[in-house]
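Single-letter residue listing:
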Amino acid sequence: EIGRLAASFNTMADEIRERERRILHMAMHDSETGLPNRRALEQALDQAGRAPAGGDIYVAVVGIERFAHIRNAIGYRLAGDMVRKIGGRLQATAPHGHAARVSSEALGLILDSADADKALVEAGQLLDLLQSPISVEGETIDVELTLGLAPLEDQSSALAVDRANIALDQARAARAKVATFDAAAYGDP
């Protein structure tokens with residue numbers, strides 16, 4: 001009887017560990033695409049900010065232009081597949097970059113660069129690599145991307161992601177492909 005009780009406890013402990021693993025996965029991943037989510041990106045930023053790096057840490061937010069129109073044309077499921085494929089491309093082009101979905105139409109990435117000018121050049125090169133059509137279930141979708149960039153500096157990871165999102169908006173407003181967060185234009189001291 002004690003053996004059966006011990007086996008039951010072991011089974012229960014295994015089930016609890018598996019449940020906790022699933023809960024953690026759900027908390028750190030986007031349910032639609034399976035990509036890491038904003039919380040996972042912020043956690044990776046926190047770790048990157050503490051680790052000694054060869055340069056500065058930047059957050060890049062890549063926006064998918066005309067996302068609502070594309071989603072309406074191909075449907076939510078295929079739009080999710082498209083975002084997942086773009087996230088896969090993003091991760092493949094920057095394997096140590098921790099790609100994540102930060103909103104329905106934007107993906108985030110951590111970049112380690114020597115300085116702001118080099119980060120801007122690298123961001124432009126990254127967009128060039130990502131800017132090819134995507135095939136989703138036989139449908140070819142022309143994808144246009146824009147990128148906002150913000151340094152991590154001495155701020156919270158959440159604020160850095162927010163500033164990269166603002167930089168994305170600033171790039172769109174200027175009709176530029178890439179923009180770095182401009183505190184003066186935003187009215188940030």
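Worth saying up front: this structure is predicted, and the values here are computed from it rather than measured.

1. Here we look at the pairing of strand β2 (residues 100-103)
Link 1 in the chain: With three bridges connecting them, β2 and strand β3 (residues 106-113) associate as antiparallel partners. Residue pairing across strands places A100 opposite G108, the latter belonging to β3.

2. Some details on the confidence of the model for the protein
Link 1 in the chain: On average, residues of the protein carry a pLDDT of 89, and 95% of them reach 70 or more.
Link 2 in the chain: Ranking the elements of the protein by mean pLDDT puts helix α7 (residues 183-186) last, at 78, and strand β6 (residues 145-151) first, at 96.

3. As for the pattern of salt bridges
Link 1 in the chain: Within the structure shown, the criterion is met by 15 salt bridges.
Link 2 in the chain: Note that E105 and R172 form a salt bridge whose closest N and O atoms lie 3.3 Å from each other. Remark: R172 occurs in helix α6 (residues 157-173) and E105 occurs in the loop between β2 and β3; sequence separation between them is 67 residues.
Link 3 in the chain: Of the residues examined, R172 reaches a relative accessible area of 25% and is grouped as partly exposed.
Link 4 in the chain: Here E122 ties to K118 by a salt bridge, and the two come within 3.4 Å at their closest N and O atoms. Here E122 pairs with K118, and both are found in helix α5 (residues 116-130), just four residues apart, close to one helical turn.

4. Here's the deal with the side chain of E42
Link 1 in the chain: Structurally, the position occupied by E42 is in helix α2 (residues 38-50).
Link 2 in the chain: There is a polar contact of 2.6 Å between the side chain of E42 and the side chain of R38.
Link 3 in the chain: Beyond its immediate chain neighbours, meaning those up to four positions away, E42 contacts S157, A158 and V161.

5. Some words on the environment of G75
Link 1 in the chain: Along the chain, G75 falls in the loop between α3 (67-74) and α4 (76-93).
Link 2 in the chain: Among the residues examined, G75 registers a relative accessible area of 24% and is labelled partly exposed.
Link 3 in the chain: Through-space distance from the C-alpha of G75 to that of T180 is 32 Å; in sequence the pair is 105 residues apart.

6. Notes on the sheet that holds β6
Link 1 in the chain: Taken together, the five strands give an open sheet; going across it, the order is β2-β3-β1-β6-β7, and neighbouring strands pair in mixed fashion. Edge positions in the sheet fall to β2 and β7 (178-180), since each of these pairs with one other strand and no more. Direction aside, neighbouring strands of the sheet carry axes that sit 30° apart on average.
Link 2 in the chain: Bridge count for strand β1 (residues 56-64) against β3 is eight bridges, and the pairing is antiparallel. From the neighbouring strand, V59 faces β3, where its bridge partner is I110.
Link 3 in the chain: Here α4 sits on the sheet in contact with β1, β2 and β3, set at roughly 5° to β3.

7. Focus on the nonpolar core
Link 1 in the chain: Counting residues in each nonpolar core, the largest one holds 32 residues, and the members touching the most others are I64, M82, L90, L109, V143, L147 and L149.
Link 2 in the chain: Mapped by element, the contributors of at least two residues to this core are β1, α3, α4, β3, α5, β4 (134-136) and β6.
Link 3 in the chain: With six residues, the single largest contributor to this core is α4.
Link 4 in the chain: Once you skip the residues sitting within four places of it in the chain, V143 turns out to touch I64, M82, I86, Q131, S132 and I134.
Link 5 in the chain: One finds V61, A100, A150 and V161 within the second-largest nonpolar core, a separate group that totals 20 residues.

About the criteria used
- Residues numbered from 1 in each chain as written.
- Predicted model: local features only at pLDDT ≥ 70, side-chain atom pairs only at ≥ 80, totals over all residues.
- Heavy atoms only, no water.
- Pairing = 2+ DSSP bridges.
- Helix = DSSP H or I, 4+ residues; strand = E, 2+ residues; numbered from the N terminus.
- pLDDT = per-residue confidence, 0-100.
- Salt bridge = Lys/Arg side-chain N within 4 Å of Asp/Glu carboxyl O.
- Buried < 20%, exposed > 50% of the residue type's maximum accessible area, 1.4 Å probe, protein only.
- Polar contact = N/O pair within 3.5 Å; in protein donor to acceptor, adjacent residues only side chain to side chain.
- Contact = heavy atoms within 4.5 Å.
- Axes fitted to C-alpha atoms, helices over the stretch in contact; angles between N-to-C directions.
- Core = buried A, V, L, I, M, F, W, Y, C linked by side-chain atoms within 4.5 Å.

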